[in-house]
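Here is how the chains run, residue by residue.
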Amino acid sequence: MVRHLKQGLLIALFISLGTLLYSPDSQNRKAGGIESVKTAESPIPATLPVQIDRVKSLLIGPELPDPVCDQIDRLLRMQNFNGTVAVARRGEVLYRGSFGMADFNTRQPIEIDDQFQLASVSKQFTAMAVMMLAERNVLDYDDLLVSHIPEFPYPMVTVRQLLNHTAGMPNFMYLMERFWKPDDLPDNEDVLRMMVKYKPGLYFTPGRRFDYSNTGYAMLALLVERLSGKEFGQFLDEEIFVPLGMWDTYLYSPTHNRRGDRQMIGHHRFRRRWAPTA
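So, how was this worked out
- Residues numbered from 1 in each chain as written.
- Predicted model: local features only at pLDDT ≥ 70, side-chain atom pairs only at ≥ 80, totals over all residues.
- Heavy atoms only, no water.
- Helix = DSSP H or I, 4+ residues; strand = E, 2+ residues; numbered from the N terminus.
- Buried < 20%, exposed > 50% of the residue type's maximum accessible area, 1.4 Å probe, protein only.
- Contact = heavy atoms within 4.5 Å.
- Areas by Shrake-Rupley, 256 points an atom, 1.4 Å probe, with all protein chains shown as cover.
- Core = buried A, V, L, I, M, F, W, Y, C linked by side-chain atoms within 4.5 Å.
- Pairing = 2+ DSSP bridges.
- Axes fitted to C-alpha atoms, helices over the stretch in contact; angles between N-to-C directions.
- Parallel < 35°, antiparallel > 145°, perpendicular 65-115°, else oblique.
- Left-handed = near helix turned anticlockwise from the far one by under 90°.
- Nonpolar A, V, L, I, M, F, W, Y, C, P; charged D, E, K, R; others polar.

Quick word on the overall build of the protein chain
Moving on, step 1. Scanning the protein chain for helices and strands turns up 8 helices and 13 strands.
Moving on, step 2. Counting all 278 residues of the protein chain, 45% fall into the buried class.
Moving on, step 3. Nonlocal contacts in the protein chain, meaning residues at least 24 apart in sequence, comprise 66% of its contacts between residues at least 6 apart.
Moving on, step 4. Of the roughly 14400 Å² that the protein chain leaves accessible, carbon and sulfur atoms contribute 52%.

Structural data, given as structure tokens:
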């Protein structure tokens, strides 16, 4: 349940050597909930398929020398690496490779443009959105969050502290696991409403120390929505992804979904076999 609630926030991403935003990490989602994935087991293959695409650099000359590429290939195969790799310098891709399987049951190999969840690496985009609003003088980093979200139940917490993980925010997942009853996954507004209702205590006085916080970044995503008047995914599309040419990048939500068919599901080892992660 905790994992499912965490996946429901609008701060999760997928990557495909470009990037794609999406929230549930190993499940198919229907409009009203989650469609489970079968956990049929598959034996670990002795060798994993590999697809190599060495891209010539326009800035610094020829592609990586074959011995370097061969060393990368050999290292990743030895580790049974399952995913995609890019080597770039000064904005130019020198090497791209995909290794392993997208689905161990069907033996479908991973392709270069398959999409993987970024999870908390997505926080850099949330922070970038907040910084864009600060640059436009819509907010100041030292603003109290209650000046923009009046019902926020912690009056001494600032935007800067949320960005820096120094606000002492309680973990919303524990709260939602205990009190969230609807079948639908909560969004950031739902998280705020539950925090207002139950008022879990701060872990420490804001600004006193560092404590990594998913809750803080959920509130920052909500802040962007409140100040921009746009859904978070729409803001990211219009202000970041489209201007940067990140065409395969988006934020998943039930109302803002460009889900394709190249999203990877997770696998885990179970008794020397690989099984999709439910």
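With respect to the nonpolar core
Moving on, step 1. Formed by 43 residues in total, the largest nonpolar core has its most connected members in L145, F152, V159, L162, M169, M219 and L220.
Moving on, step 2. Listing elements by their share of this core, those giving two or more residues are helix 3 (123-135), helix 4 (159-163), helix 5 (172-179), helix 6 (188-198), helix 7 (214-228) and helix 8 (232-241).
Moving on, step 3. For this core, the element with the highest residue contribution is helix 7, accounting for 8 residues.
Moving on, step 4. Those residues within four positions of M219 in sequence are excluded, and the remaining contacts are L145, I149, F152, L162, M169, N188, V191 and L192.

Topic: the pairing of strand 12 (residues 267-270)
Moving on, step 1. Both strand 12 and strand 13 (residues 273-276) contribute to a ladder of 4 bridges, which runs antiparallel. Looking at strand 13, one finds that R269 is bridged to W274.
Moving on, step 2. Linkage of strand 12 to strand 13, two consecutive antiparallel strands, is achieved through a turn of 2 residues, within which R271 is found at a positive phi near 55 degrees.

Quick notes on the environment of E231
Moving on, step 1. Locating E231 in the fold gives a position in the loop between helix 7 and helix 8.
Moving on, step 2. By relative accessible area, E231 is classed as partly exposed at 35%.
Moving on, step 3. With 10 residues separating them in the primary sequence, E231 and A221 have C-alpha atoms 9.2 Å apart.

Considerations on the packing of helix 3 against helix 7
Moving on, step 1. It is the contact of helix 3 with helix 7, at a shortest axis distance of 10 Å, that shows an interaxial angle of 40 degrees. Considering their axes alone, helix 3 and helix 7 lie oblique with respect to each other. The element helix 3 and its partner helix 7 pack so that their crossing is left-handed. Where helix 3 approaches helix 7, its residues K123, T126, A127, A129, V130 and L133 are matched on the opposing element by N214, Y217, L220, A221, V224 and L227.
Moving on, step 2. Split into classes, the residues belonging to the contact of helix 3 with helix 7 amount to 9 nonpolar, 2 polar and 1 charged.

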